[in-house]
Amino acid sequence: MHNAGPKDCANPLIKKLASFVDLAEDDVAALHALCTNQRMLEAGHSLIEEGDRPENVFLLLEGWAYRYKHVEDGNRQIVAYLIPGDLCDIHIFILKAMDHGIALLSEARVAAIPKHQMTALLRDRPNVAQALFWATLVDEATLREWLLNMGRRDAFERIAHLFCEMWLRLSQVGLVSDAHQFSLPVTQEQLGDTVGLTSVHVNRVLQRMRDRKSTRLN
């Protein structure tokens, strides 16, 4: 783990928000300023745990994270994935206690943004605030698709929809290759915790996907 200065920061949040609005130079500078306090953290590190009272907003610059909740029997439900350019809730410090946890799926570079800096950004940069509001609406639409996944789609459709969603989100921040491929640092067990299936069932679905791809190529 080490600290890094803003010059070291490639800020994918800028690319993400620029897909919603035209950002002025001052907007870009303000978004770069969010990266002053950044660290490299190991996979599995817990950014926030359920019950914590958050003091900072976290910006993911590199790597993947996930939101999760535990149930009484110890099982876990993953309720969202976070990729470079994602903020862990712009108003998170309003909460007295977190109702879910956020942990890293992979090694990640994370910037911690103090409450006063985020408040000032939303107050003083209306263009950025509007883009963040639209990004929040997209997140809410994504959550509705996840609810539909769990309630109405079959196992194959759940996983296929998730892969398509991640491709679109990663494309927005330039993390899909020219061959339309991307890295997915998720185990079959984690996929199961995401779509409500056992890892055995996930394995069978992935094999069906491979078989269908092979059939098309032949």
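As shown above, the structure is provided for reference.
Residues numbered from 1 in each chain as written. Predicted model: local features only at pLDDT ≥ 70, side-chain atom pairs only at ≥ 80, totals over all residues. Heavy atoms only, no water.

> Just checking my understanding: could you explain the overall build of the chain for this structure?
Each helix and strand in the chain was counted, giving seven helices and eight strands. Taking 17 Å as the expected radius of gyration for a compact globule of 218 residues, we find that the chain reaches 18 Å, a close match to that expectation. Considered along the principal axes of its C-alpha atoms, the chain spans approximately 55 × 45 × 35 Å. Classification of the 218 residues of the chain by burial places 43% in the buried group. Pairs at least 24 residues apart make up 74% of the contacts formed inside the chain by residues separated by at least 6 positions. Of the roughly 12200 Å² that the chain leaves accessible, carbon and sulfur atoms contribute 52%. (Helix = DSSP H or I, 4+ residues; strand = E, 2+ residues; numbered from the N terminus. Rg over C-alpha atoms; globule rule 2.2 N^0.38 Å. Buried < 20%, exposed > 50% of the residue type's maximum accessible area, 1.4 Å probe, protein only. Contact = heavy atoms within 4.5 Å. Areas by Shrake-Rupley, 256 points an atom, 1.4 Å probe, with all protein chains shown as cover.)

> Would you take a moment to explain the pattern of salt bridges for this structure?
Side-chain pairs of opposite charge can arise whenever the charged atoms involved come near each other. Taken as a whole and assessed by the stated rule, the structure comprises ten salt bridges. With a shortest N-O distance of 3.7 Å, Glu50 and Lys69 are connected by a salt bridge. Here Glu50, found in the loop between strand S3 (46-48) and strand S4 (56-62), pairs with Lys69, found in strand S5 (residues 65-70); they are 19 residues apart in sequence, far enough to count as distant. With relative accessibility at 43%, the residue Glu50 sits in the partly exposed group. A residue is classified by how much of its surface remains accessible, and Lys69, at 33% relative accessible area, is partly exposed. Here Arg67 and Asp89 are joined by a salt bridge, their closest N and O atoms 2.9 Å apart. Of the two residues, Arg67 sits in strand S5 while Asp89 sits in the loop between strand S6 (76-82) and strand S7 (101-104), which places them 22 residues apart along the sequence. A relative accessible area of 12% places Arg67 in the buried class. The partly exposed category is assigned to Asp89, whose relative accessible area is 29%. Salt bridges sharing partners connect three or more residues here, namely Lys16, Asp86, Glu165 and Arg169. (Salt bridge = Lys/Arg side-chain N within 4 Å of Asp/Glu carboxyl O.)

> Any chance you could explain helix H2 (residues 25-33) here in plain terms?
Each full turn of the α-helix corresponds to 3.6 residues, which orients residues three or four apart in the same direction. Taken residue by residue, H2 has Asp27, Ala30 and Leu31 as its buried positions. Down the axis of H2, the smallest arc covering the buried residues is 100 degrees, so these residues share one side. More than 90 degrees from the buried face of H2, the exposed residues found are Glu25 and Asp26. The secondary structure elements touched by the buried residues of H2 are helix H1 (12-18), helix H3 (115-124) and helix H4 (126-152). (Arc of directions from axis to C-beta.)

> Even after reading the chapter, I still don't get the environment of Phe58, so can you show me in this structure?
In this structure, Phe58 sits in strand S4. With relative accessibility at 12%, the residue Phe58 sits in the buried group. Measuring from C-alpha to C-alpha, the distance between Phe58 and Ile90 comes to 8.6 Å, with 32 residues separating the pair along the chain.

> I tried to follow the pairing of S7 on my own but got confused; where do I start?
Covered by surrounding structure in S7 are Gly101 and Ala103 together with Ile102 and Leu104, the residues of both alternating faces. As paired strands, S3 and S7 are joined by two bridges and run antiparallel to one another. When the sheet's bridge partners are listed, Ile48 is paired in S7 with Ile102. Two elements, S5 and S7, share four bridges in a ladder whose sense is antiparallel. The partner of Tyr66 across the bridge, within S7, is Ala103. (Pairing = 2+ DSSP bridges.)

> Explain the packing of helix H5 (residues 155-172) against helix H6 (residues 188-195) here, please?
Helix packing geometry: the angle between the two helix axes and the distance between the axes. Close contact between H5 and H6 brings their axes to 10 Å; oriented N to C, the two are set at 105 degrees. Between H5 and H6, the crossing angle belongs to the class labelled roughly perpendicular. From H5, Arg158, Ile159, Leu162 and Phe163 reach across to H6, where they touch Leu191, Thr194 and Val195. (Axes fitted to C-alpha atoms, helices over the stretch in contact; angles between N-to-C directions. Parallel < 35°, antiparallel > 145°, perpendicular 65-115°, else oblique.)

> How should the sheet that holds S7 be read in this particular structure?
Two pairing modes exist for strands in a sheet, parallel and antiparallel, and in both the strands are linked by backbone hydrogen bonds. Spatial ordering of the open sheet is given by S3-S7-S5-S6, a layout of four strands whose pairing is antiparallel. Of all the strands in the sheet, just S3 and S6 have a single pairing partner and so form its edges. Direction aside, the axes of adjacent strands within the sheet are offset by 30 degrees on average.

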